[in-house]
Amino acid sequence: MAVEAQERAELVNTLLERIGETVGQRAQVSTIFGEPVEREGVTVIPVAKARFGFGGGGGSGSREGDEGSGGRGGGGVAVGPIGYIELHEGHAEFKRILTPTDLLAIVVAGSLALASIKRLFD
């Protein structure tokens, strides 16, 4: 029984190591920072946000005389633009790209602020 548990643990560790290596190979600087583009003395470097995740598991058991074991794993990545770095005359400035979610957060925050101010004067 102890040998089976050790074998399962080794299988799970091997699986997770493989997934980690695969995801790690894709986690490069070029995933976050795009190729610089230069026009009329201004250089723009695109910037993105990347999220990596992975997981795996394994198990064994028996059901009415059938015995078996197995394991699975998977991973994923989500990359989206968040802004750009503008280089001009020796100065660098990060400029964020507003998304609909950002705009919604601004509207909600503004509404809450106005409601709070109104309550103070009522």
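These lines cover the structure that appears in this document, whether it is placed above or below. (Residues numbered from 1 in each chain as written. Predicted model: local features only at pLDDT ≥ 70, side-chain atom pairs only at ≥ 80, totals over all residues. Heavy atoms only, no water.)

Relative to the elements of secondary structure, Thr 43 occurs in strand β2 (residues 42-63). What Thr 43 contacts, discounting residues up to four positions off in sequence, is Pro 36, Val 37, Glu 38, Ile 85, Glu 86 and Leu 87. (Helix = DSSP H or I, 4+ residues; strand = E, 2+ residues; numbered from the N terminus. Contact = heavy atoms within 4.5 Å.)

Here the focus is the pattern of salt bridges. Taken as a whole, this structure holds two salt bridges when the rule is applied. Between Asp 102 and Arg 96 there is a salt bridge whose closest N-O contact spans 3.5 Å. Given a relative accessible area of 18%, Asp 102 falls into the buried group. Assessed through its relative accessible area of 48%, Arg 96 is described here as partly exposed. (Salt bridge = Lys/Arg side-chain N within 4 Å of Asp/Glu carboxyl O. Buried < 20%, exposed > 50% of the residue type's maximum accessible area, 1.4 Å probe, protein only.)

Taking strand neighbours across the sheet as the criterion, the four strands line up as β1-β2-β3-β4 in an open arrangement whose pairing is antiparallel. The sheet is open, and its two borders are formed by β1 (37-39) and β4 (91-96), each paired with just one other strand. On average, each strand axis in the sheet is tilted by 25° relative to the strand beside it, whichever way the strands run. Taken together, the 22 bridges between β2 and strand β3 (residues 66-88) define a ladder with antiparallel strand orientation. (Pairing = 2+ DSSP bridges. Axes fitted to C-alpha atoms, helices over the stretch in contact; angles between N-to-C directions.)

Interpretation note: all reported values are geometric properties and have no functional meaning in isolation.
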